[in-house]
Amino acid sequence: MNDQIYLEHFEKLIGADKKIEPRDWMPEDYRKHLIRQISQHGHSEIIGMQPEGNWITRAPSLRAKLILLAKVQDEGGHGLYLYSAAETLGISREELIDQLETGKAKYSTIFNYPAVTWADMGAIGWLVDGAAIVNQISLQRTSYGPYSRAMIRICKEESFHQRQGYEIMTHMARGTAEQREMAQDALNRWWWPSLMMFGPHDTNSPNTGKAIRWKIKRDSNDELRQSFIDKTAKQADVIGLKIPDPKLKWNEARGHYDFGEIDWAEFDRVVKGNGPCNKQRIAHHVKAHREGAWVREAATAYAAKRAKKAA
Ligand code: BYC
């Protein structure tokens, strides 16, 4: 078969909503597009452990500490599933880590903001995991099999994460005046960066066209952002917190909330590495990865020993 026949078969699978598997022929651009998106997704999970990891030793109760610890461990696990999914496309783990540490690969802007109070653990779970779920439920139907299957498992865990955050916010919003103020302050700081997680407007999103045609993305950046806002605005009402957007208003005719404009200059700054914590996040990753070298070496030596014994 020549490439044209392979391409027709690929297009037929995509058209029929069938999954593309690692053994299948795929266009080079499709492969590269997936490596870019899946690896950036994995890096977001791995770097995303840092803002919360910062609070494990300062959680206000044993219960809160256990839950936060479990959540951060889940995020590490998500990163590993996603790295494994990317590896099925022919890139090595070493290359993936190198791209992260040298700034060739991006990770979500949201993780370049500091987590300064316990209420931030609530805001991250409620808003950041909430936004991630909206995006990832859509990605469960992505056309690449390993990515789609990783999303199904990840979404189950993310819904626990979102509830963990909303529970913290609910308790604080119903607590003392000072606690309510902390919850509102965290919402004020995390709201707009959470909306940026969905990426630029569709009109400014160079990757969306191909991604939708190949069914890598099933919904556009703006569609997912709107869906997140509609859900979250109602949740804020329930616990009596105010979303920091004077333009947020239910629009009966559209059946959606209208909302104000995102500060795209801030988004660009953070994407380009100049957010409040970009340098700190990468420096921490480099240090932790270097300090963990002995674990990788020990695991490799142990695997070699077992293989020799079995031979
Ligand atoms: N931050 O053409 P576009 C979690 C980049 S972690 C940084 O629209 P695309 C959690 C974009 O990469 C889960 N960069 O791109 C963990 C592109 O640059 P390149 C995180 C961004 O790919 C711990 C350029 O801007 N979820 O849940 O079609 C604790 C143009 O954009 C961002 C995912 O990663 C951004 N926010 O759409 C708690 C979801 N936005 O690559 C929670 C998977 C855009 O061309 N990813 N860029 O140089 C996606 O769904 C899509 O990649 C995006 C962007 C919607 C993010």
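Here the structure is shown first, and the text comes after it.
Residues numbered from 1 in each chain as written. Predicted model: local features only at pLDDT ≥ 70, side-chain atom pairs only at ≥ 80, totals over all residues. Heavy atoms only, no water.

Chemist: So, the overall build of the chain: which residues are in play, and what are the values?
Modeler: Scanning the chain from N- to C-terminus turns up 13 helices and 2 strands. Relative to a compact globule of 311 residues, whose C-alpha radius of gyration would be 19 Å, the chain shows 21 Å and is just as compact. In terms of overall dimensions, the chain has a C-alpha envelope of 65 × 55 × 35 Å along the principal axes. Counting the 311 residues in the chain, one finds 48% classified as buried. When the accessible surface of the chain is summed, it comes to about 16,000 Å², and 57% of that surface belongs to carbon and sulfur atoms. (Helix = DSSP H or I, 4+ residues; strand = E, 2+ residues; numbered from the N terminus. Rg over C-alpha atoms; globule rule 2.2 N^0.38 Å. Buried < 20%, exposed > 50% of the residue type's maximum accessible area, 1.4 Å probe, protein only. Areas by Shrake-Rupley, 256 points an atom, 1.4 Å probe, with all protein chains shown as cover.)

Chemist: Before we move on, can you summarise the environment of His-289 with the specific residues and values?
Modeler: Structurally, His-289 is set in helix α12 (residues 278-291). A C-alpha to C-alpha distance of 9.9 Å links His-289 and Glu-101, two positions 188 residues apart in sequence. Every residue in contact with His-289, bar those within four places of it in the chain, is listed here: Ile-97, Glu-101 and Arg-296. (Contact = heavy atoms within 4.5 Å.)

Chemist: Tell me about the site of the ligand, and please be specific about residues and values.
Modeler: Taken together, 32 residues lie near the ligand, and Arg-36, Lys-106, Ser-205, Lys-217 and Asn-221 sit nearest. Lys-106 is positioned such that a nitrogen or oxygen atom in its side chain is 2.4 Å from an oxygen atom of the ligand. Contact with the protein chains covers 90% of the free accessible surface of the ligand, which is 1,000 Å². At the level of secondary structure, the elements contributing two or more residues to the shell around the ligand comprise α2 (28-47), α6 (119-139) and α7 (145-173). Looking at the shell around the ligand element by element, the count peaks at 6 residues for α2. Among the residues making up the shell around the ligand, the classes are represented as 11 nonpolar, 13 polar and 8 charged. (Near = heavy atom within 4 Å. Polar contact = N/O pair within 3.5 Å; in protein donor to acceptor, adjacent residues only side chain to side chain. Nonpolar A, V, L, I, M, F, W, Y, C, P; charged D, E, K, R; others polar.)

Chemist: Got a sec to walk through the nonpolar core? Specific residues and values, please.
Modeler: For soluble globular proteins, nonpolar side chains are generally found buried alongside one another. Core analysis: the largest hydrophobic core is formed by 76 residues, its most contacted members being Tyr-30 and Trp-190. With sequence-adjacent residues up to four places away left out, Tyr-30 is seen in contact with Phe-10, Ile-14, Ile-20, Ser-143, Tyr-144, Trp-214 and Ile-216. (Core = buried A, V, L, I, M, F, W, Y, C linked by side-chain atoms within 4.5 Å.)

Chemist: Report on the packing of aromatic side chains, specifying residues and quantitative values.
Modeler: In total, this model carries 11 aromatic pairs according to the counting rule given. A ring pair is formed by Phe-198 and Phe-228, whose centres lie 5.6 Å apart and whose planes are at 40°; its orientation type is tilted. Highlighted residues: Phe-198 in the loop between α8 (177-196) and α9 (208-213) and Phe-228 in helix α10 (residues 221-239), separated in sequence by 30 residues. Of the two residues examined, Phe-198 and Phe-228, each falls in the buried class. Three or more aromatic residues link up through ring pairs in this structure, and these residues are Tyr-6, Phe-10, Trp-25, Tyr-30 and Trp-214. Over the face of the ring belonging to Trp-55 we find Arg-58, whose NZ or CZ atom lies 4.1 Å from the ring centre. (Phe/Tyr/Trp six-rings, centres within 6.5 Å; stacked < 30°, edge-to-face > 60°. Lys NZ or Arg CZ within 6 Å of the ring centre and 35° of its normal.)

Chemist: Mind laying out the pattern of salt bridges, listing which residues take part and the relevant values?
Modeler: Evaluated as defined, the whole model comprises 17 salt bridges. For the salt bridge of Arg-153 with Glu-157, the shortest nitrogen-to-oxygen distance reads 3.7 Å. One end of the pair, Arg-153, and the other, Glu-157, are both in helix α7, 4 residues apart, so they sit about a helical turn from each other. Look at Arg-153 and you get partly exposed, because its relative accessible area is 49%. Judged by relative accessible area, Glu-157 falls into the buried class, the value being 19%. What emerges from the salt-bridge pattern is a single network uniting Glu-52, Lys-71, Glu-75 and Asp-129. (Salt bridge = Lys/Arg side-chain N within 4 Å of Asp/Glu carboxyl O.)

Chemist: How would you sum up α10? Please name residues and give values.
Modeler: Here α10 is 19 residues long and its end C-alpha atoms lie 27 Å apart, about the 27 Å a rise of 1.5 Å per residue gives. Buried within α10 are the following residues: Asn-221, Leu-224, Arg-225, Gln-226, Phe-228, Ile-229, Asp-230, Thr-232, Ala-233, Ala-236 and Ile-239. Tucked inside the fold, the buried residues of α10 contact α6, α7, α8, α9, β2 (256-258) and α11 (264-271). The positive-phi residue at the C-terminal boundary of α10 is Gly-240, with phi of around 75°. (Expected span 1.5 Å × (residues − 1).)

Chemist: So what's going on with the packing of α8 against α10? Which residues, and what values?
Modeler: Between α8 and α10, the least distance of the axes is 10 Å, while the angle of their chain directions is 150°. By the angle between their axes, α8 is roughly antiparallel relative to α10. Judged by residue contacts, Trp-191, Ser-194 and Leu-195 of α8 engage Arg-225, Phe-228, Ile-229 and Thr-232 from α10. (Axes fitted to C-alpha atoms, helices over the stretch in contact; angles between N-to-C directions. Parallel < 35°, antiparallel > 145°, perpendicular 65-115°, else oblique.)

Chemist: Can you break down the packing of helix α4 (residues 62-87) against α7 residue by residue, with the values?
Modeler: Two numbers describe how α4 lies on α7: the axes approach to 10 Å, and their chain directions differ by 160°. Taken together, the axes of α4 and α7 are roughly antiparallel relative to one another. Crossing geometry of α4 relative to α7 is assigned as left-handed. From α4, Arg-63, Ile-67, Leu-68, Lys-71, Asp-74, Glu-75, His-78, Tyr-81, Leu-82 and Ala-85 reach across to α7, where they touch Pro-146, Tyr-147, Ala-150, Met-151, Arg-153, Ile-154, Glu-157, Glu-158, Phe-160, His-161, Gln-164 and Glu-167. Of the residues contributing to the contact of α4 with α7, the split by class is 11 nonpolar, 3 polar and 8 charged. (Left-handed = near helix turned anticlockwise from the far one by under 90°.)

Chemist: Tell me about the environment of Arg-23, residues and numbers included.
Modeler: On the secondary structure map, Arg-23 appears in the loop between α1 (3-15) and α2. You can call Arg-23 exposed: its relative accessible area is 73%. Each C-alpha atom of the pair Arg-23 and Leu-224 lies 31 Å from the other, and the pair is 201 residues apart in sequence.

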